[in-house]
Every structure is written in C-alpha cells, then in structure tokens.
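Fold and geometry: a report
The chain contents come next:
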Amino acid sequence: MLVELSLGSSQENYFHLSFQLFGGDMKTGEHEPFIRDCYDLARQAVQNGDHPFGALLVQDNEVLLKAVNTVNSSQDQTRHAEINLVSEASHLYDPVRLAQFILYTSTEPCAMCTGAIYQAGVTVIVFGCRAQALYDLVDNNLFIPSREILALGQRETMVIGPVLEEEGMQIHRRFWT
C-alpha cells in the first residue's frame, strides 16, 4: 500500500513523503508473531510486578524497540508500555522516520497512549486485545476506542486489530481476576 504523508499546516506543507508502507498489505496472520512477542513482554511486565502490557516498534520485520508497562515499578501511573516505547522512540527517531514504523501492542492503546502515539508520528498501530474486552473484565470507567480518537486527527493513522485476542485475554484474566 502506498501512503502519502504531508507534515505541516494544511496551507503550507513542510514535508511531503511517499513510501511503501510495511504492514499495509500484510495479512492479519503476518502480524501474529509480533503480537505474540507483545504478549511475552506483557508476561515479563507481570514478572516485574507491573501490569500485563507490552509493545514493540517494528520496521521491515525487524524489532527496533521493546517496552513493557512500568506503572508499579516506577510508581508512575502514566508509564504504560506504549508511552515508554514512544518516549524512547521519539529520542531516537524523528517523526518522518517514525511514520515508517509499525507500533505493535498487546492491548488496544488507551486514550493517553493513543494521543502520544499520534503526536510522535507513528501511522500504523496493530493491537492484540480490544480495550473494550479488557475494560469489560476490569470495569474501568474511561474507555474511548483508539479508532475514534484517531479519527479526530488531521492525518490518517491505520489501526489493525484485534489479533490473537483470546491469547491476550488469557493473560489479562490471570492477572486481573
């Protein structure tokens, strides 16, 4: 899939970039190994005493960065796996480069993480479990699907998921119930 990305104001585009997007033509099954890696990271987070979430940044089938949830170990409720990943990635790559990557995450990003992913410039998100399925399990009172948040943005961000949702929900059930 060819993606054209314009960065800058609608009146004056500072950058115009066209590239072949890794992931646009991928079948759901091709995302499964990366989602399974996210589930492994989620299990690692639990072993570290944190909540079961993990995320990866991938380009051309190569994992560039990994992150886990650290809300308990850091004593910071904002340290979700996606925030940790995007924060590190933003120090290493500029937004034009980040737009070429795929962010994989064990569970659909929350509103906070979705905003951070969007602001960092990532244009493709693939998730394992739907946030709604998790929130139904844990009775969280703030749920906004990532697609709804991203639809309000000025540039398109592709969201793919759920992928292998039941595998991920097993991890959540063991942790939250």
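Bringing the nonpolar core into the picture now. L57, L85, Y93, L98 and L103 are the most contacted members of the largest nonpolar core, which totals 27 residues. Of all the secondary structure elements, the ones that give two or more residues to this core are β3 (54-59), β4 (62-68), α2 (81-92), α4 (111-120), β6 (124-129) and α5 (131-138). Top contributing element to this core by residue count: α2, with five residues. In this structure L57 touches E62, V63, L64, L65, L85, A89, Y93, L98, F101, I102 and L103, once residues within four positions along its chain are discounted. V58, V68, C129 and M158 belong to the second-largest nonpolar core, a separate cluster that totals 21 residues.

Relative to each other, α2 and α4 sit at 15°, their axes nearing to 9 Å. As judged from the angle between their axes, α2 and α4 are roughly parallel. With respect to the hand of their crossing, α2 and α4 are arranged in left-handed fashion. Here α2 contributes E82, I83, V86 and S90 to the contact with α4, which in turn contributes M112, C113, A116, I117 and A120. Each residue belonging to the contact of α2 with α4 can be placed in one class, and the counts come to seven nonpolar, one polar and one charged.

How each quantity is defined
- Residues numbered from 1 in each chain as written.
- Predicted model: local features only at pLDDT ≥ 70, side-chain atom pairs only at ≥ 80, totals over all residues.
- Heavy atoms only, no water.
- Core = buried A, V, L, I, M, F, W, Y, C linked by side-chain atoms within 4.5 Å.
- Buried < 20%, exposed > 50% of the residue type's maximum accessible area, 1.4 Å probe, protein only.
- Helix = DSSP H or I, 4+ residues; strand = E, 2+ residues; numbered from the N terminus.
- Contact = heavy atoms within 4.5 Å.
- Axes fitted to C-alpha atoms, helices over the stretch in contact; angles between N-to-C directions.
- Parallel < 35°, antiparallel > 145°, perpendicular 65-115°, else oblique.
- Left-handed = near helix turned anticlockwise from the far one by under 90°.
- Nonpolar A, V, L, I, M, F, W, Y, C, P; charged D, E, K, R; others polar.

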